[in-house]
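Survey of secondary and tertiary structure
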Amino acid sequence: MKRLFPLLLLLVACNAAAQTLDVNAGQVTYAYPGEEVGDVTFPTTETFAIAGKTFNTADVTSLEVVSDEVADNTVNIVYSGSSASVVISGNIADIVSAEIDGAHVTLLQGDAEDEITYTLSGSTDDGSLYMDGSLKATFVLNGVTIHNPDSAAVNIQDGKRIAIELADGTTNTLSDGLAGADDGSDAHKACLYVQGHTEFSGAGALTVTGNVKHGIISHEYCQIKKSVGSITVSAQNDGFHISQYYEQRGGVVTITSIGDGIDVSTTGDSSDEDNGMIIISGGTLTSTASGETSDAMKCDTDVTMTDGTVKLLATGDGGRALNVNGSVNISGGYIEGITTGGVYKEDTDDERKPHAMAVDENLTIDGGEVYFASMNNKSFKVDGKFLVNGGTVMGIGGKSVSASSGCTQTVNTYDKVSITDGATVSYDGVSFTVPASFAISKGYVLVSREGL
C-alpha cells in the first residue's frame, strides 16, 4: 500500500482545491476534474479505479494535480514530430481508449451517450489518426499537419455523422503515402477517409494531398457549409469520392485531380435522401481533371444549382467538364465548363467523346450564367430535353448543338465560327473567353439571354 499513499494525498489535494487530476499512462493522459473524482477504490495493490475506469498501477507513469481545466466529452491529440500525446477527459475515460505508436494514434470509442469532440493540433511527418466508434462525433482541425508515409493521414471508421471543423484562422494539412509497399498490401483508398456522413465547417483552411489514390472519401453524403474557409485537394485519382450526395453551401473548394474532381455515386438504397446528386447553393468550386476519361464533376443522378460559382476544366482525352447520369437544373449562380482533350479511343468499343457537358436525361436552365465549351466535341450533349427558360447561356464546340422546342427564351445558333487561342467569343451581347490552348477552325456557338 505504500505506492498508493501518494495517490491518496493527491486526491485529497485535488478535491480540496477543485483542480484537475491527471492520470498519465505513457503518452495518454486521463484528466479528471477534482470535484468529479469521487471515491477511489483499490481492489489490489496492482490496480486502482477512478470514476468507473480501472488502471493498472504499473501502467501509470505519474499522477499530477494541475490547474488546467479539461472540458467534458473531449479528446485532444497533439502531434510533435515523431511522437504524439492524447488527453482524454475523465468523464469519458471508461469509453475511449487510445493507443500510440510514435505519432500514429488509434482511438476506439465505446457506447457514448453524448457527442465527443476530438481536437487535432501540432505537426508530424510520420503519423496518423485512426478512429472507430458508433456515435456521431466532431473533429476540430486546429492547426494540424499530418503526413503518413504508409497509409491514410486520417481514417475515421465511425459510420455516423462526422463534423470536421476547420478552426478559424488555422492552416491544416493532410497528406498520405505508400512507402515500401510493392504488392498493394498496404494500399488505402484516400488521404482523408470517413466511413459516415461528412460535414465541413469553420473558417480555417484545409489542404489534402492524395498521393496514392483519392483525396477525400465520404462513404455517405458530404456537405460544405457556409462557414467554410477553404478546402484545397489534389489527388492521383478522385479529389472527392462521395456516396449519396455532395452539397456545397459556401467556402472555396479547389480540386486538382488525375481522376475525377468530384465523383458522386448512389448508395444502393433508393430511400436515401438526394441519392447520387450534386447540389450547389453557394461558395466557389474550381475543379481541374487531367486524366484520360476523367471528369471535373460527375454524378449518378441529378445536379441542381441555385447560386455560387463553379469552374470546371477537363484536359484529358475523353474527359468531360460535367458528366451527369440524370438531369441538370440551373436557376442561379455562375457555371463554366471547358474540355480540351480529344476523343478517347476513337472508333472503338471504348470510344468516349469529350463533351463539355454530357447529360443523360434533361437539361433545364432557368437562370444564372452558363458557359460550356468543348474544343473537339459538343458544348452540350443532352439525351433528353434541352430547355432554356432564363439566364445567360453560351455553348462553344466543335460539333453542332441545338436546344429543344418549348424553350421560353430565344436560343440562337451560329456555325463555321473560327475561334483562336484565348479569344473572346461574342454573340448577341453574350461573351466568353476561351483558354489560351483552345482553338477551333469551324466551330458552333449556341447563345441565349434575357431579352434576345
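Position numbers for residues count from 1 along each chain, tracking the sequence in the order it is written. The model is predicted, so local features are restricted to residues of pLDDT at least 70 and side-chain atom pairs to those at 80 or more, both for listing and for counting; the totals for chains, interfaces and linings are taken over all residues. Note that water and hydrogens are dropped before the side-chain values are worked out from all heavy atoms of the structure.

Right, let's get into the side chain of Arg 320. Within the secondary structure, Arg 320 is located in strand β30 (residues 320–324). The definition of a polar contact used here is a pair of N or O atoms within 3.5 Å, where within protein one atom must be able to donate a hydrogen and the other to accept one, and adjacent residues in sequence count solely through side-chain atom pairs. Among the polar contacts listed, one links the side chain of Arg 320 to the backbone oxygen of Lys 353, at a separation of 2.9 Å. Residues are treated as being in contact if the distance between any of their heavy atoms lies within 4.5 Å. Apart from residues no more than four positions distant in its own chain, Arg 320 is found in contact with Ser 294, Asp 295, Ala 296, Ala 314, Thr 339, Arg 352, Lys 353, Pro 354, His 355, Ala 356 and Ala 358. Starting at the N terminus, helices and strands are each numbered in turn, a helix being any DSSP run of H or I of at least four residues and a strand any DSSP run of E of at least two.

Residues are called lining when one of their atoms sits within 4 Å of a cavity or pocket point, these points coming from a 1 Å grid over the protein atoms alone, where a cavity is a set in which a 1.4 Å probe fits but cannot get out and a pocket is an open set with protein on both sides within 12 Å along at least five of seven lines. Grid points are joined across faces, edges and corners, and a volume is the space filled by probe spheres set on the points. Counted by the stated rule, this structure contains 2 cavities of 30 Å³ or more. For the largest cavity, the calculated volume is near 50 Å³. Around the largest cavity, the lining residues are Leu 120, Leu 129, Phe 139, Leu 141, Val 154, Ile 156, Ile 164, Leu 174 and Leu 192. Only β13 (137–148) and β14 (154–156) provide two or more residues apiece to the lining of the largest cavity. All residues other than Ala, Val, Leu, Ile, Met, Phe, Trp, Tyr, Cys, Pro, Asp, Glu, Lys and Arg, Gly among them, are scored as polar; the first ten of these are nonpolar and the last four charged. Looking at the lining of the largest cavity, its residues break down into 9 nonpolar, no polar and no charged. Looking at the second largest cavity, its volume works out to about 40 Å³. A per-element tally of the lining of the second largest cavity places strand β42 (residues 440–448) first, with 3 residues. Looking at the lining of the second largest cavity residue by residue, the classes come out as 4 nonpolar, 4 polar and 1 charged.

For the rest of this paragraph, the subject is the side chain of Asn 377. Locating Asn 377 in the fold gives a position in the loop between β35 (369–374) and β36 (380–382). Only protein chains enter the accessibility calculation, which uses a 1.4 Å probe. A residue is then buried if its area is under 20% of the maximum for its type, exposed if over 50%, and partly exposed in between. On the accessibility criterion, Asn 377 (5% relative accessible area) is buried. Once residues lying within four places of it in the same chain are set aside, the contact partners of Asn 377 are Val 343, Lys 353, Pro 354, His 355, Gly 397, Gly 398 and Lys 399.

Here we take up the confidence of the model for the protein chain. A score from 0 to 100, pLDDT tells how confident the predictor is in each residue. The predicted model of the protein chain has a mean per-residue pLDDT of 92, with 92% of residues at 70 or higher. A low-confidence stretch, residues 1–5 (pLDDT under 50), is modelled with 7 contacts involving residues beyond four sequence positions or located in other chains.

What follows is about the pattern of salt bridges. By convention in these notes, a salt bridge is any Lys or Arg side-chain nitrogen within 4 Å of a carboxyl oxygen on Asp or Glu. Inspection of every chain in the model, using the stated rule, returns 7 salt bridges. Here Asp 260 and Lys 298 are joined by a salt bridge, their closest N and O atoms 3.7 Å apart. Of the two residues, Asp 260 sits in the loop between β25 (252–257) and β26 (262–265) while Lys 298 sits in strand β28 (residues 295–299), which places them 38 residues apart along the sequence. Since its relative accessible area comes to 22%, Lys 298 is described here as partly exposed. The partner of Asp 383 in a salt bridge is Lys 381, and the shortest N-O contact between them spans 2.9 Å.

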